[in-house]
Amino acid sequence: MVNPVHSNAPEDDPERPEEVTGPLESAKSETPEPGIYESRRGRSSRDDSDESESGKKPTKKKMSFWKELPILIVVALVLVFLIQQFLARVYVIPSGSMEETLHGCPGCQGDRILVEKVTYYFTDPAPGDVIVFKGPGPWVQNEFAGERSDNAFVRFFEQLGSVIGLAPPDEKDFVKRVIAVGGQTVRGDADGKVYVDDKVLNEPYVYWEGGAPNGDQQFEPVTVPPGTLWVMGDNRNNSSDSRKQGNTRLEGVVPVSDVIGKAQVIVLPPGRWGGIPDPNPQALASAPAWQQGIPLGAGVLLAWPVLWTSRRVGRAVVSPFKGSDRK
């Protein structure tokens, strides 16, 4: 008699291994293969040994100094060029026309001046500013010109040096002081006084070589065209400026577009380090002497209310924190 096999009973299959379930099976399934485990452990042990031997992680090999040097030189030249073109530049313009504000007389050491360009990105030159500008066409008498060699090879390096500031510029550059701007009318009398819009200027920077004005100070009224400047040297007896350049007075004006920058500081020689004074002669002349003290007096009068208000505000801000500390 054959007993029936129950449908829920497992088949008798001796060749198939018995299925194992439970925690043991999941642990075995998560165990990596022996080869992978050994290779990973071998790599980690080698890395640990490398770090333990050197005391730090291995770093990349640095570039040699001789390979870095050309790169550093190129980067430095590019930075110098950008600074010279857009920020500031040192000029030497040995002109006697700006004595004694700037030294440039024959036989003396000419001043090196730092000319910054940022100011005139946002505003136009104003009366009293000492500016460096490219000489316009009518300015036939140049007070300083860079000399270039006739040798093409040498001239190339001179031009390159000029671009990066290692050689004088090959342009006819001038340094003068702004006296009047576009739309204003300027004139001079025989006594050396200059008038702008019929108001005499107060010019403490003027130097009279020889001790007194010479007979070349008077000139007829000139209305400065828009977009141009009327400039003059501080040494009025020895300055070829807007009064004398060109065939007519209007040819002596300087276009604002030709302005290179504002002379701010004397950087060489060391004994003359310092800022370049730029008082506005029109502002000084437009008010009596007693009125020039009004800004200072107003500042003194306003100082006490501002100090009192700041103290009250400070106490109001600090007092809550003090109360919380006491608690």
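None of these values were measured; they are calculated from a predicted model.

Caption draft 1: Inspection of the overall build of the protein at higher detail. When you go through the protein residue by residue, the secondary structure sums to 7 helices and 12 strands. For the protein, the residues scored as buried account for 28% of the 327 residues in total. Across the protein, every contact between residues at least 6 apart in sequence was considered, and the portion connecting residues at least 24 apart equals 73%. Entry remark: accessible area of the protein is about 22000 Å², with carbon and sulfur atoms responsible for 59%.

Caption draft 2: Inspection of the sheet that holds strand β8 (residues 219-223) at higher detail. With antiparallel pairing, the 4 strands of this open sheet are ordered in space as β7-β6-β5-β8. Across the chains shown, the open sheet's two edge strands, defined by having one partner strand only, are β7 (199-200) and β8. Of the pairings in the sheet, the one linking strand β5 (residues 185-188) to strand β6 (residues 194-196) comprises 3 bridges and is antiparallel in character. The residue of β6 that forms the bridge with Gly 188 is Val 194.

Caption draft 3: The arrangement of the UniProt feature "transmembrane region" (unreviewed entry) in the protein in detail. Feature annotation in UniProt places "transmembrane region" (unreviewed entry) on residues 69-87, given in this structure's numbering. The span residues 69-87 is 95% helix and 0% strand, and its two end C-alpha atoms sit 26 Å from each other.

Caption draft 4: Summary view of empty space enclosed by the protein. Going through the model one piece at a time under the given rule, you end up with 1 cavity of 30 Å³ or more. Estimates place the volume of the largest cavity at around 50 Å³. Ile 93, Ser 95, Leu 102, His 103, Gly 104, Asp 111, Ile 113 and Val 175 are the residues that line the largest cavity. Its residues assigned to classes, the lining of the largest cavity comprises 4 nonpolar, 3 polar and 1 charged.

Caption draft 5: Highlighting the pairing of strand β4 (residues 173-181). Counting buried positions along β4 gives 8 out of 9 residues, so the element sits mostly inside the fold. Both strand β3 (residues 130-134) and β4 contribute to a ladder of 5 bridges, which runs antiparallel. Its bridge partner lying in β4, Phe 133 is registered against Phe 174. Inspection of the sheet shows β4 paired to strand β9 (residues 228-232) by 4 bridges, in the antiparallel sense. Note that in β9 the partner of Ala 180 across the bridge is Trp 230.

Caption draft 6: View of the pattern of salt bridges. One pass over the full model with this rule turns up 8 salt bridges. One salt bridge in this structure joins Asp 216 and Lys 244, with 3.0 Å as the shortest N-O distance. With Asp 216 in the loop between β7 and β8 and Lys 244 in the loop between β9 and β10 (254-255), the pair connects residues that are 28 residues apart, well separated along the chain. Salt-bridge contacts for Arg 243 lead to Asp 241; the nearest nitrogen and oxygen are separated by 2.8 Å. Each of the salt bridges in this network shares a partner with another, and the network as a whole consists of Asp 129, Lys 262 and Asp 278.

Caption draft 7: Up close: the environment of Pro 281. Position of Pro 281 relative to the elements: it lies in helix α6 (residues 281-285). Here Pro 281 falls in the buried class, since its relative accessible area comes to 0%. With residues near it in sequence (within four places) discarded, Pro 281 still touches Pro 127, Gly 128, Leu 201, Asn 202, Glu 203 and Tyr 205.

Caption draft 8: Expanded view of unusual backbone geometry. Residue Glu 100 is reached from Glu 99 by a cis peptide bond, and omega for that bond is -5°. In this structure, Glu 100 sits in the loop between β1 (88-92) and β2 (112-116). Omega for the bond connecting Leu 268 with Pro 269 falls within 30 degrees of zero, at -5°, which places this linkage in the cis form. You can see Pro 269 is positioned in the loop between β11 (259-268) and β12 (274-275). Positive phi outside glycine occurs at Asp 197, with the angle close to 55°.

Caption draft 9: A look at the nonpolar core. In this structure, Ile 179, Val 186 and Trp 230 are the most contacted members of the largest nonpolar core, which totals 14 residues. Among the elements of the structure, β4, β6, β8 and β9 are those that each provide at least two residues to this core. Setting aside anything within four residues of it in sequence, one finds Val 186 in contact with Ile 179, Ala 180, Val 194, Tyr 195, Val 196, Phe 219, Glu 220, Pro 221, Val 222, Val 224 and Trp 230. If you look at the next biggest cluster of nonpolar residues, it comprises 13 residues, including Tyr 91, Ile 93, Leu 102 and Ile 260.

What counts as what
Residues numbered from 1 in each chain as written. Predicted model: local features only at pLDDT ≥ 70, side-chain atom pairs only at ≥ 80, totals over all residues. Heavy atoms only, no water. Helix = DSSP H or I, 4+ residues; strand = E, 2+ residues; numbered from the N terminus. Buried < 20%, exposed > 50% of the residue type's maximum accessible area, 1.4 Å probe, protein only. Contact = heavy atoms within 4.5 Å. Areas by Shrake-Rupley, 256 points an atom, 1.4 Å probe, with all protein chains shown as cover. Pairing = 2+ DSSP bridges. UniProt positions renumbered as here; feature names shortened; annotations may be inferred. 1 Å grid on protein atoms, 1.4 Å probe; cavity = no way out; pocket = protein on both sides within 12 Å on 5 of 7 lines; lining within 4 Å. Points joined across faces, edges and corners; volume = space filled by probe spheres on them. Nonpolar A, V, L, I, M, F, W, Y, C, P; charged D, E, K, R; others polar. Salt bridge = Lys/Arg side-chain N within 4 Å of Asp/Glu carboxyl O. Core = buried A, V, L, I, M, F, W, Y, C linked by side-chain atoms within 4.5 Å.

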